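In case you want the letters, here they are:
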Amino acid sequence: HVDMVCQKHDSSDHDFDKDPIALQVKGDWLYATDTTLGADNGIGVAASIAILEDETAEHGPIEVLLTVDEEQGMGGVHNIEPNWLEGEYLINLDSEKEGICTVGCAGGIDLILTKELHYDSEMRGIFYEVIVDGLKGGHSGIDIHKELGNASQLLAEVLASYAHQSALRLASFEGGTLRNAITRSAKAVVAIHEAHKMDFEAHLIAAGKSLKARLKGADDNVAVGFKLAKEQATQDAESSQECLNLLTLLPSGVVRKSVELPIVETSCNLGVVEISEKKNLRVELLARSVTNGGLDIVKTRVKALAVMTHALVEEGNGYPAWQPNLESIPLQKLLAAYKEQTGEEMKVSVIHAGLETGLLGEKYPNLQMVSFGPTIKGAHSPDERVNIPSVERFYTLLKSLLTKLK
């Protein structure tokens, strides 16, 4: 797919609409400067085009399929017609770990939760902007098992725990920019009673220490910051607590691990949160599962919370899981090619991420598919990088596989 996840560090002024990606090499790794790199899936696109131009590549008839909008909901592949492709084998180049080939992936669905909010025009108390940041973020499928912090849910939890003991009124809440990226930073503006100023600040300081201890080894740089903010319209204390309780309880992270395979079976990512007087409440979640039943569980839990808090839930951009076929010809040829190239056995896996292979398999049920790629780390975050030596080995392996399939 030719699209990329556009994420950047908060300090960056990069404009993805017009600025080129600024590349830098650090040792054996290619990075962008303060932004995502786009190796997911630019490296697959580059390899596909290179094969078409490589006079040393030996292969039979091939089709190269480049898609758009994969990251936003697989819009491109959704629109492929069943009679467009002629090939019997499909080689997907959207994998991110050398030495491992993928033969199955999770399906997914977007869940959009909205709620009408009522604001009080009377401005009273002390206003604070509270921020949770310093988190790594990452890919909401591939990185979901790492127990990384989700800034939106952590901020909601910090504020909800205070609201359970003292009145707090919520003016705004912003967290995340994409439903398939684990949220790195979130901020809210709240109002408290003037008499509770010292208690509130002490609560935030203690919460910051608690999060550091809790996320040690996963997100060591997590931080809770706060500063005084200007007066603005807020919800009442009861509605504010309801919103914060909702954000705290929404499924986020691993929901269930598979008992048959060493993978996450079902997960949900709290991707984008917006609360404001004009936008009301809007939450974008992405649920993933290797089983249809897993997706149903997440949908039921989200809808149950929506009913309890008088919110609405819409579903969209659903795509099926890719069920493994361990007897497929391209898989067997790939395993043989890798053994010849490295002298080692290639690992076979099912990943907890969405690949376009699920939808392609639905439209072309006789396709035999396999996926592999070079080593990419930090996809969907500004730390994204691709291992340069692995790219050469990946391309050599691709040529070898095409020769065996001709």
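It should be noted that the structure appears before, not after, this text.
What you are looking at is a predicted structure, and each value in this text was computed from that prediction instead of being measured.

Examining the packing of aromatic side chains
- Tallied over the full model, the rule gives four aromatic pairs.
- Geometrically, the ring pair formed by tyrosine 128 and phenylalanine 226 is edge-to-face, given 6.2 Å between the ring centres and 70° between the ring planes. A residue pair is termed long-range when its members are at least 10 positions apart, and tyrosine 128 in strand E7 (residues 126–133) and phenylalanine 226 in strand E12 (residues 223–228) qualify at 98 residues.
- Note on phenylalanine 372 and phenylalanine 394: the rings are 5.7 Å apart at their centroids and 70° apart in plane angle, and the pair reads as edge-to-face. Taken together, the residues phenylalanine 372 in the loop between strand E19 (368–371) and strand E20 (376–377) and phenylalanine 394 in helix H10 (residues 388–405) connect sequence positions 22 residues apart.

As for the nonpolar core
- Membership of the largest hydrophobic core comes to 53 residues, with the highest contact counts inside it found for Phe173, Phe200 and Leu250.
- In terms of residues, this core owes the most to one element, helix H4 (residues 151–163), which gives nine residues.
- Non-local contacts of leucine 250, meaning those with residues more than four positions away in its chain, are made with Leu113, Gln153, Leu270, Val283, Leu285, Val302 and Leu305.

A closer look at empty space enclosed by the protein
- The full count for this structure, using the stated rule, is two cavities of 30 Å³ or more.
- Estimates place the volume of the largest cavity at around 170 Å³.
- Along the walls of the largest cavity sit 20 residues, with Glu70, Glu71, His139, Arg288 and Gly354 positioned nearest its centre.
- Those elements that provide at least two residues to the lining of the largest cavity are helix H2 (70–73) and strand E16 (280–289).

Let's talk about unusual backbone geometry
- Residue aspartate 40 is joined to asparagine 41 through a cis peptide bond whose omega torsion reads 5°.
- You can see asparagine 41 is positioned in helix H1 (residues 39–53).
- Positive phi outside glycine occurs at aspartate 34, with the angle close to 70°.
- The topology assignment puts aspartate 34 in the loop between strand E2 (29–32) and H1.
- Located in the positive-phi region is histidine 310, a residue other than glycine, with phi close to 60°.
- Counting through the fold element by element, histidine 310 comes out in the loop between helix H7 (292–308) and strand E17 (312–319).

With respect to a nonpolar patch on the surface
- On the surface, Val2, Ile49, Leu52, Ile62, Val64, Leu66 and Val68 cluster together into a nonpolar patch covering about 550 Å² of accessible area.
- Counting through the fold element by element, isoleucine 49 comes out in helix H1.

Thoughts on H4
- The terminal C-alpha atoms of H4 lie 18 Å apart, and with 13 residues this matches the ideal 18 Å at 1.5 Å per residue to within 8%.
- In terms of burial, H4 is largely enclosed, as 11 of its 13 residues are buried.
- Its side-chain oxygen placed 3.1 Å from the backbone nitrogen of serine 152, asparagine 150 serves as the N-cap of H4.

Some details on the layout of surface pockets
- As a volume, the largest pocket reaches approximately 1000 Å³.
- Looking at the largest pocket, it is lined by 37 residues, and the ones nearest its centre are Lys97, Ile142, Asp143, His145 and Lys146.
- Counting only elements with at least two residues in the lining of the largest pocket, the list comes to strand E4 (100–105), strand E18 (347–351) and E20.
- Of all the elements, E18 adds the most residues to the lining of the largest pocket, at four residues.
- Class assignment of the residues belonging to the lining of the largest pocket gives a composition of 17 nonpolar, 11 polar and nine charged.
- Contributing to the lining of the second largest pocket are 32 residues, with Ile62, Glu63, Tyr89, Leu90 and Ile91 lying nearest its centre.
- Partitioning the lining of the second largest pocket into residue classes produces 17 nonpolar, nine polar and six charged.

A look at the packing of H1 against H10
- Viewed as axis vectors pointing N to C, H1 and H10 meet at an angle of 50°, and their least axial separation amounts to 11 Å. In terms of orientation, H1 lies oblique with respect to H10. Note on packing geometry: the crossing formed by H1 with H10 is right-handed. From H1, Ile43, Ala47, Ala50 and Ile51 reach across to H10, where they touch Val391, Phe394, Tyr395, Leu398, Lys399 and Leu402.
- Looking at the contact of H1 with H10 residue by residue, the classes come out as nine nonpolar, no polar and one charged.

What about the state of the cysteines?
- Throughout the structure, instances matching the rule amount to zero disulfides.
- No disulfide involves cysteine 105; its sulfur sits 13 Å from the nearest other cysteine sulfur, which is in cysteine 101.

About the criteria used
- Residue indices follow the written sequence of each chain, beginning from 1 at its first position.
- Under the rules for a predicted model, residues below a pLDDT of 70 receive no local features and side-chain atom pairs below 80 are neither given nor counted, while totals for whole chains, interfaces and linings still include all residues.
- Side-chain numbers here rest on the full set of heavy atoms in the structure, without hydrogens or water.
- Aromatic rings from Phe, Tyr and Trp, taking only the six-membered ring of Trp, are treated as a pair when their centres fall within 6.5 Å; an angle between ring planes under 30 degrees marks them as stacked, one over 60 as edge-to-face, and anything in between as tilted.
- The helix and strand labels rest on DSSP assignments: H or I over at least four residues marks a helix, E over at least two residues marks a strand, and numbering proceeds from the N terminus.
- Only buried residues count toward a nonpolar core. Its members are Ala, Val, Leu, Ile, Met, Phe, Trp, Tyr and Cys residues joined through side-chain atoms within 4.5 Å.
- Classification of residues uses two cut-offs on accessible area relative to the type maximum, computed with a 1.4 Å probe and protein chains only: under 20% is buried, over 50% is exposed, and between them is partly exposed.
- When checking whether two residues touch, look at their non-hydrogen atoms; a contact exists if any pair is within 4.5 Å.
- Site definitions follow a grid-based scheme: protein atoms alone, a 1 Å grid, a 1.4 Å probe that fits but cannot get out for cavities, and for pockets an open set with protein on both sides within 12 Å along at least five of seven lines, plus lining residues having an atom within 4 Å of a point.
- Grid points are joined across faces, edges and corners, and a volume is the space filled by probe spheres set on the points.
- A residue counts toward a patch only above 30% relative accessible area and without a salt bridge, and it is joined to like-charged neighbours within 9 Å or, for Val, Leu, Ile, Met, Phe, Trp and Tyr, to nonpolar neighbours within 5 Å.
- Only the protein chains shown count as covering a residue, and every accessible area follows the Shrake-Rupley method with a 1.4 Å probe.
- Salt bridge, as used here: a side-chain nitrogen of Lys or Arg that lies within 4 Å of a carboxyl oxygen of Asp or Glu.
- The span you would expect from a helix comes to 1.5 Å times its residue count less one.
- Within 3.5 Å is the distance limit for a polar contact, defined as a pair of N or O atoms, with the added protein rule that one can donate a hydrogen and the other accept it, and that residues adjacent in sequence qualify only through two side-chain atoms.
- Any residue outside Ala, Val, Leu, Ile, Met, Phe, Trp, Tyr, Cys, Pro, Asp, Glu, Lys and Arg is labelled polar, Gly included; the first ten of those are nonpolar and the last four are charged.
- Inter-axis angles, ranging from 0 to 180 degrees, are taken between N-to-C directions of lines fitted to C-alpha atoms, where helices are fitted over the stretch in contact.
- Roughly parallel means an angle under 35 degrees; roughly antiparallel, over 145; roughly perpendicular, 65 to 115; everything else is oblique.
- Two helices that cross are described as forming a left-handed crossing if the nearer one is turned anticlockwise from the farther one by less than a right angle, and a right-handed crossing if clockwise.
- Note on terminology: disulfide denotes any pair of cysteine sulfur atoms within 2.5 Å.

Spatial relationships are all this shows, so hold off on functional conclusions.
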